[in-house]
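For reference, the chains in residue letters:
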Amino acid sequence: MNALRFLPLVSGLVLAPFLLGVVNRVKASFAGRTGQPLLQAYFDLAKLLRKGAVYSRTTTWVFRAGPVVGLAAVLTALMLLPAGRHAPAAWSFTGDLFLLAYCLGLVRFLTVLAALDTGSAFEGMGASREVQFSALAEPALLVSLAALARLTGGLGLTDITAGLDAASWEAAGPALALVALALGVVFLAENSRIPVDDPNTHLELTMIHEVMILDHSGPDLAFILYGAALKFWILGALIVNVGISWIGGPAAVSLPAFFAGMLLVAVGVGVVESVMARFRLLKVPRMLWVGVALSVLAFTLVGRFTA
Amino acid sequence: MSEWRNPCAIPLAAIADLSVWDFQDCLSVGLMKGAQLLTLFGVPAPEDTVRLFALLGHPGNGTIEPFATVVKNSFLSLSPIHPQVQLFERELAEKWRIKPQGHPWFKPVRFERPSRDGADLWEAQPAACGTADFFRLGGEEVHEVAVGPVHAGIIEPGHFRFQCHGETVYHLEILLGYQHRGIERALVGGPGPRALHYMETAAGDTTCGHATAFCQALEAARGVELPPRGRVLRGVALELERMANHIGDLGALAGDVGFLPTQAFCGRIRGDVLNLTARLCGNRFGRGFVRPGGVAFDAEPARVRELVRLLEQAFEDARGAIDLLWESGSVLARFEGTGPVSPVTATQIGLVGPAARACGLAQDVRRDYPCGIWAEAPIEVPTVATGDVFARARIRWEEIHRSSEWILDRLADLPDGPVRAPDAPAPADPWPADTLTVSLAEGWRGRICHGAVTGPDGRFLAYKLVDPSFFNWFGLAQALRDQEISDFPLCNKSFNLSYCGFDL
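In this text the structure is predicted, and so the values were computed from the model without any measurement.

**Here we look at the overall build of chain B**
Working step 1: Each helix and strand counted, chain B has 17 helices and 17 strands in total.
Working step 2: Scaling as 2.2 N^0.38, a compact globule of 504 residues should have a C-alpha radius of gyration of about 23 Å, and chain B matches this with 22 Å.
Working step 3: Judged by the C-alpha coordinates and their principal axes, chain B covers about 65 × 60 × 40 Å.
Working step 4: Within the span of chain B, comprising 504 residues, buried residues form 54% of the whole.
Working step 5: At a minimum sequence separation of 6, the contacts of chain B that also span at least 24 residues come to 69%.

So this is what it looks like as structure tokens:
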């Protein structure tokens, strides 16, 4: 039993909303503002949990089940996540990378169902966009993970992460870099960040993810927001696990490197959101196709390196 | 050819009543020859009839041509040939129960109470605001999206109905009237002491524009000559208003595409420019500054020096923030080709102001119908050819640039003397009897037209305001054709029209 076994789970649960605060602070500093407190996301969650929820008469149990089951699915995904080579996931088994992908798929499925359940034209549009874009983001995620699995010979996230080291970078550096890039594209799309979506907009007609949760309130909204923060953490951790694998050394080195990496991801998101505009909605699939292409290329390259 | 120029007071005796047929013929021929329909409105006439006044502007030689006719219940609609007449005709139907026969899309404009007894042209008039039929696209895969009148931001109410197939918008219909306050009705029998305040609040962000148009009309009617210093300061207030709004709009456009730096900085710089207006008169929106006979407050030399310094600084800040827009590919990719309006459409629907200049139409009241300071110190009129969101953004920057230069030039040699004519009339004094007074001003959104008709006692029989938004809302609907519905907020912001300026 590894002493660090529950560290990835607990740190994710505790620190995920903090990253959103970091993103906001970076954006604020680019805009010349002070910005909201770093812990604002925690305050918001606490506030929402204290509130009651409002339900439209046109909604059914699907609408109420969405946030709860969605959060449960994200939590399951988080349990499968290792934090660097020395901190294995709380729960790992051969093939758990599929469970991770499908847990994230389940969250989306439930969000979309709950959105359609409201019968609102806005939410229907958002659902249609979300499904279209994730149909492209999902292959990129799976093929990227497949490339890593092929390189390391492991079929579990913990095995893969433990199998990546400086030697794999020497052997298949370009492929790993491509995987990190593809995961970056998936990360931006799945977390509805600029340039795919604008998490701060108030314009329903341009929203993708945000418009689907317009009708949720109180604890339901808190679950969704917390789930979104965890998703940000999970997808960010996938990139970081690949990115920091060239750093050798004991847990005392790899763990700080992991957390520094997560911070860097948040700062990077803040910078991207500050220096570029959103893509036109119909151009978003092109960017996602690039993600798919990168991951396929990485998969093919891995084949060459390992052959 | 008419000799009337902006602003002018035309004795009603000089305007012959044409037959309805001749009236329409004159309008139609004039519009075909490139004249602009400045305004079209009705005044109650004896024997339960309505006298219609139409004003055609000839931008080529700066003249204004008045036409009048008397109608009873209906006339043949000009809208099928000249779409820019369509809203005026619907307005006449709503206010005076005169039916434009053959109007292609006959709906109420603002859901206001009719000013004349007679048969209802719509069932159950006055209908509750927003109750009207919309154009609908048929087909199983088509979906209809309704937005508003309650919006997700702190903006004014308006209803937008999209007919979409997937993300593509085939048709957008805009329904307004929620902000109708009855300004024109309140002015009948006036001017009262509140007339000028109505003007300043007709469209809150166009305070100086409407106040200038009103004061010009009053001065033309009473033959008041402005002192040079007052003329300049009035022009400065109008240009500061233009700069502030354009800078704010560019920031908002950046915000809509998620481009943070320009959004954040422009929001601040707009405030800086509004504060310059506050330095002139104590109010950031210029309330209480433009007054009949000149302006209410003088700017002493120290204040002028301070204004110049702050304006130069604000302009440099604006240049830094706005240049970022033109330098980032992701912003240009979003702006270019989005929401285009062709010059032909723009001409047909009578687009005005920056929206028209963004379609390559060089039209500007300051140049086409110059008066006051604009006759002495002309300003260059830029145009951009592409007619898309980029053009509407770019034209704003060009105008900010020119307005800033113009203000600095004027302040550099500010004439001495009083700022207000000694014989300035009070806003509530009666105007000359039996006169049609016309005044045009280029507000920051475009051409503002005020037309006043006085009766034998010098009181208003009608006071007609035409805000640029009156023409341009239809332009926004046109710009959305075959565009993505997700681009609507961006297109909307690129026009940034006034709801209350339309609803009056």
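**Notes on the overall build of chain A**
Working step 1: A tally of regular secondary structure across chain A gives 11 helices and zero strands.
Working step 2: Listing the helices and strands of chain A from first to last along the sequence gives α-α-α-α-α-α-α-α-α-α-α.
Working step 3: In summary, chain A has a C-alpha radius of gyration of 19 Å against a globular reference of 19 Å for 307 residues, a match within 12%.
Working step 4: C-alpha extents for chain A along the principal axes are approximately 60 × 45 × 40 Å.
Working step 5: Per-residue burial over chain A gives 57% buried out of 307 residues.
Working step 6: Within chain A, residue pairs in contact and separated by at least 24 positions form 78% of the contacts whose partners lie at least 6 positions apart.

**Some remarks on the sheet that holds strand β11 (residues 168-175) of chain B**
Residue and element names in this part refer to chain B.
Working step 1: Reading across from one edge, β9-β10-β11-β17 is the order of the four strands in this open sheet, with antiparallel pairing throughout. Only two strands of the sheet have a single partner each, and these edge strands are β9 (142-147) and β17 (483-484).
Working step 2: Across six bridges, the pairing between β9 and strand β10 (residues 159-165) is antiparallel. Paired with Val145 across the two strands is Phe162, which belongs to β10.

**What to know about the nonpolar core**
Residue and element names in this part refer to chain A.
Working step 1: Within the largest apolar cluster, 258 residues are counted, with the highest numbers of intra-cluster contacts made by Ala140, Ala147, Ala175, Val179, Val186, Ala229 and Ala298.
Working step 2: Counting residues per element, this core draws most heavily on helix α9 (residues 218-243), which supplies 18 residues.
Working step 3: In this structure, Ala229 is in contact with Ala16, Pro17, Leu20 and Ala41, ignoring residues within four places of it in sequence.

**Quick word on the sheet that holds strand β15 (residues 447-454) of chain B**
Residue and element names in this part refer to chain B.
Working step 1: With antiparallel pairing, the four strands of this open sheet are ordered in space as β2-β14-β15-β16. Single-partner strands in this sheet number two, and they are β2 (8-11) and β16 (460-466). Across the sheet, the mean angle separating the axes of adjacent strands is 15 degrees when strand polarity is ignored.
Working step 2: Strand direction decides the pairing type here: β15 and β16, joined by six bridges, are antiparallel. The residue of β16 that forms the bridge with Gly451 is Lys464.
Working step 3: Against the sheet, helix α5 (residues 207-222) touches β2, β14 (435-442) and β15, its axis set at about 145 degrees to β14.

**Quick word on the interface of chain A and chain B**
Working step 1: The interface of chain A with chain B comprises 23 residues on the first partner and 24 residues on the second.
Working step 2: Only α1 (7-30) and α10 (251-275) of chain A provide two or more residues apiece to the side of chain A that touches chain B.
Working step 3: Partitioning the side of chain A that touches chain B into residue classes produces 11 nonpolar, five polar and seven charged.

**As for the packing of helix α15 (residues 468-479) of chain B against helix α16 (residues 488-495) of chain B**
Residues and elements named next belong to chain B.
Working step 1: Where α15 contacts α16, the axes come no closer than 10 Å and their chain directions differ by 150 degrees. Accordingly, the angle class assigned to the pair α15 and α16 is roughly antiparallel. The two elements α15 and α16 meet at a crossing, and its hand is right-handed. Residues Asn472, Gly475, Leu476 and Ala479 of α15 touch α16, and the partners they reach there are Cys491, Asn492 and Phe495.
Working step 2: Looking at the contact of α15 with α16, its residues break down into four nonpolar, three polar and no charged.

**Comments concerning α10(A)**
Working step 1: For α10(A), built from 25 residues, the straight-helix expectation of 36 Å at 1.5 Å per residue is met to within 8% by its first-to-last C-alpha distance of 35 Å.
Working step 2: Taken together, the buried positions of α10(A) are occupied by Ser254(A), Leu255(A), Ala257(A), Phe258(A), Gly261(A), Met262(A), Val265(A), Ala266(A), Val269(A), Gly270(A), Glu273(A) and Ser274(A).
Working step 3: Contacts made by the buried residues of α10(A) are with α1 and α9 of chain A together with α7 (260-281) of chain B.

**Comments concerning the pairing of β10(B)**
Working step 1: With respect to burial, β10(B) is a largely interior element, five of its seven residues being buried.
Working step 2: Linkage of β10(B) to β11(B), two consecutive antiparallel strands, is achieved through a turn of two residues, within which Gly166(B) is found at a positive phi near 65 degrees.

**Looking at the packing of helix α2 (residues 40-50) of chain A against α9(A)**
In a pair of packed helices, the angle between the axes and the distance between the axes together describe the arrangement.
Residues and elements named next belong to chain A.
Working step 1: Interhelical geometry of α2 versus α9 gives an angle of 150 degrees and a closest axis separation of 7 Å. Judged by the inter-axis angle, α2 sits roughly antiparallel to α9. Helix-helix and strand crossings are classified by hand; for α2 and α9 the assignment is left-handed. Contacts between α2 and α9 involve Ala41, Asp44, Leu45, Leu48 and Leu49 from the first element and Gly218, Pro219, Leu221, Ala222, Leu225, Tyr226 and Ala229 from the second.
Working step 2: Residue composition of the contact of α2 with α9, by class: 10 nonpolar, one polar and one charged.

**Quick notes on the confidence of the model for chain B**
Working step 1: Averaged over chain B, the pLDDT score is 89; the fraction of residues at 70 or greater is 99%.
Working step 2: Of the two predicted TM-score estimates for the complex, the pTM is 0.89 and the ipTM is 0.83.

Rules of the game
Residue positions within a chain follow its written sequence, with the count starting from 1. Chain letters start at A and ligand numbers start at 1, both assigned in the order the entries are written. Local features in this predicted model are restricted to residues whose pLDDT is 70 or higher, and side-chain atom pairs enter the listing and the counts only when it is 80 or higher, whereas totals over whole chains, interfaces and linings include all residues. Numbering goes from the N terminus for both helices and strands, where a helix is a DSSP run of H or I of at least four residues and a strand is a run of E of at least two. For the radius of gyration, the atom set is restricted to C-alpha positions; the globular benchmark scales as 2.2 Å times the number of residues to the power 0.38. To sort residues by exposure, count the other C-beta atoms lying within 10 Å of each residue's C-beta; 20 or more gives buried, 12 or fewer gives exposed, and values between give partly exposed, all with C-beta atoms placed from the backbone. By the convention adopted here, residues make contact when the C-beta atoms placed from their backbones lie within 7 Å. Two strands form a pair only when DSSP identifies at least two bridges running between them. Nonpolar cores are identified as sets of buried Ala, Val, Leu, Ile, Met, Phe, Trp, Tyr and Cys residues joined via C-beta atoms within 7 Å. Every axis corresponds to a line fitted to the C-alpha atoms, with the helix fit spanning only the stretch in contact, and the corresponding angles, defined between N-to-C directions, vary from 0 to 180 degrees. For this scheme, ten residues count as nonpolar: Ala, Val, Leu, Ile, Met, Phe, Trp, Tyr, Cys and Pro. Four count as charged, namely Asp, Glu, Lys and Arg, and the remainder, Gly too, count as polar. For this classification, under 35 degrees means roughly parallel, over 145 means roughly antiparallel, 65 to 115 means roughly perpendicular, and everything else is oblique. Crossings are classed by handedness, with left-handed meaning an anticlockwise turn of the near helix from the far one by less than a right angle and right-handed meaning a clockwise turn. Under the convention used throughout, the expected extent of a helix is 1.5 Å for every residue step, that is, one less than its residue count. How sure the predictor is of each residue is captured by pLDDT, a score from 0 to 100.

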